[in-house]
Amino acid sequence: MHRQYHRWWSPSLNRHMSLLEFGHGGARVVVYPTSRGAFHEWEDRGMIDALGHQLHNGQLHIVCIEQVDEESWFNRGHPYHRARRHDDYDRYVLHEVLPFTWNRNPTPYLITTGASLGAFHAMDFAFRYPQWVNRVISLSGLCDIRRFMDGYHDETLYYHNPIEYLKNEHEGWRLDALRRQDIILVVGNGDQLVHQNRELSGTLWQKGIGNALREWDGFAHDWPVWHHQIQRYIGGSD
């Protein structure tokens, strides 16, 4: 299986950023780590091994990216700067990571995924740019980022919080693109985040945007369960 490390200076973030690339063809997959997790987290935690068959057979091309959570949502400074640093990160993925994946593998099909806070990143990006993302897989996903803002709210936060902005989405082309996406929300029915996932799923359905809400028994917010979930849902929403 192809594995390669990459690092470059990001003009969007004004710092070096690293990523790991796995596989040689097939659907492109951008993986976000959990909160403050490393770009090699999915490899360390066995998620890459869980998808080894698809990687060996050229069905998936996975890029595991770095996060800037300490500079954004976990920044101890004013909440104003948290949302804006996340907006910088959004530009990094859009203008640097996506072109990188395309240059490495021109397969048009793109998946974003992650677990917990990583799932928030995957959903936020997919819903902001539905014209580029074909499938989003949220594993035990945080759907409402306001808990990190100490009560502060502004326009930048709003447009990075899917559970808010999707309720008011009205642009015809964006709704059409969202309706073409495969949206898979996987969460344990004993997870405190289950209610956010149900609310988000309901909001999507109210906009005519189909989605698969898959509730697993128990907490289900841990790596061994995520192994099974990603194996099951990477190929669809059964």
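See above for the structure.
Residue indices begin from 1 for each chain and proceed along its sequence in written order. A pLDDT threshold of at least 70 governs which residues receive local features in this predicted model, and a stricter bar of 80 or more applies before side-chain atom pairs are shown or counted, although totals over entire chains, interfaces and linings include all residues. The side-chain numbers reported here are obtained from all heavy atoms of the structure, hydrogens and water having been left aside.

## Remarks on the side chain of E66
Right, so step 1: Secondary-structure assignment places E66 in the loop between β4 (60-65) and α4 (79-104).
Right, so step 2: In this structure the side chain of E66 is engaged in a polar contact, spanning 2.6 Å, whose partner is the backbone nitrogen of S18.
Right, so step 3: With residues up to four places along the chain from it excluded, the contact list for E66 reads R15, H16, M17, S18, F39 and Y89. Counting from the N terminus, the helices are DSSP H or I runs at least four residues long and the strands are E runs at least two residues long. Distance and chemistry together define a polar contact, namely a pair of N or O atoms within 3.5 Å, with one atom able to donate a hydrogen and the other to accept it when in protein, and with adjacent residues in sequence counting only for side-chain atoms on both sides. Throughout, a residue-residue contact means that at least one pair of heavy atoms, one from each residue, lies within 4.5 Å.

## Topic: the packing of aromatic side chains
Right, so step 1: Only Phe, Tyr and Trp rings are paired, with Trp represented by its six-membered ring, and only when their centres lie within 6.5 Å; those with planes under 30 degrees apart are stacked, over 60 edge-to-face, the remainder tilted. Enumeration according to the criterion identifies 11 aromatic pairs in this entry.
Right, so step 2: Note on Y32 and Y89: the rings are 6.2 Å apart at their centroids and 70 degrees apart in plane angle, and the pair reads as edge-to-face. Separated by 57 residues along the polypeptide, Y32 in strand β3 (residues 27-32) and Y89 in helix α4 bring together distant segments of the chain. Considered together, Y32 and Y89 belong to a single accessibility category, that of buried residues.
Right, so step 3: With a centroid separation of 4.8 Å and 90 degrees between ring planes, the pair formed by Y158 and Y159 is classed as edge-to-face.
Right, so step 4: Accessible area is worked out with a 1.4 Å probe on protein chains only. A residue is then buried under 20% of its type maximum, exposed over 50%, and partly exposed in between. Judged by relative accessible area, Y158 falls into the buried class, the value being 18%.
Right, so step 5: Among the aromatic residues, ring-to-ring pairing joins W8, Y32, Y89, Y92 and F100 into one connected group.
Right, so step 6: One residue, R84, lies across the ring of Y80, its end atom 3.7 Å from the ring centre. Lysine NZ or arginine CZ positioned within 6 Å of the ring centre and within 35 degrees of the ring normal marks a charge as sitting over the ring.

## A short note on the pairing of strand β6 (residues 135-139)
Right, so step 1: Most of β6 sits out of view: five of its five residues are buried.
Right, so step 2: Side chains R135, I137 and L139 project from β6 onto one buried face, and the interleaved V136 and S138 project onto a second face that is buried too.
Right, so step 3: When DSSP finds two or more bridges between a pair of strands, those strands are recorded as paired. Examined bridge by bridge, strand β5 (residues 110-115) and β6 share five bridges and lie parallel to one another. Along β6, the bridge assignment pairs I111 with R135.
Right, so step 4: A crossover gets the label right-handed when its path from the first strand over the helix to the second runs clockwise, viewed with the strands pointing away from the viewer. Each parallel crossover has a hand, and the one from β5 via helix α5 (residues 117-128) to β6 is right-handed.

## Focus: the pattern of salt bridges
Right, so step 1: The salt bridge definition used is simple: a Lys or Arg side-chain nitrogen within 4 Å of an Asp or Glu carboxyl oxygen. Within this structure, the stated rule accounts for 20 salt bridges.
Right, so step 2: Here E71 ties to R85 by a salt bridge, and the two come within 2.7 Å at their closest N and O atoms. In this pair, E71 is assigned in the loop between β4 and α4 and R85 in helix α4, connecting sequence segments 14 residues apart.
Right, so step 3: Its relative accessible area of 29% is what places E71 among the partly exposed residues.
Right, so step 4: Assessed through its relative accessible area of 15%, R85 is described here as buried.
Right, so step 5: A salt bridge links D150 to R82, with the shortest nitrogen-to-oxygen separation between them at 3.0 Å. Taken together, the residues D150 in the loop between β6 and α6 (155-158) and R82 in helix α4 connect sequence positions 68 residues apart.
Right, so step 6: A network of salt bridges, in which partner residues are shared, links R15, E66, E71, R85, D87, D88, D90, R91 and R128.

## Observations concerning the sheet that holds strand β2 (residues 15-22)
Consider a sheet: its strands pair through backbone hydrogen bonds, and that pairing is either parallel or antiparallel.
Right, so step 1: Read across the sheet, eight strands follow the order β1-β2-β4-β3-β5-β6-β7-β8 without closing on themselves; strand pairing throughout is mixed. The open sheet has two free edges, formed respectively by β1 (3-10) and β8 (212-216), since each of these has just one partner strand. Neighbour to neighbour, the strand axes of the sheet diverge by 20 degrees on average, direction disregarded.
Right, so step 2: Here strand β7 (residues 182-188) pairs with β8 via five bridges, running parallel. Pairing of I184 across the sheet is with A212, part of β8.
Right, so step 3: Axis definition: a line fit to C-alpha positions, over the contact stretch in the case of helices; interaxial angles, taken between N-to-C directions, run 0 to 180 degrees. The sheet strands contacting α4 are β1, β2, β3, β4 and β5, and the helix crosses β1 at an angle near 135 degrees.

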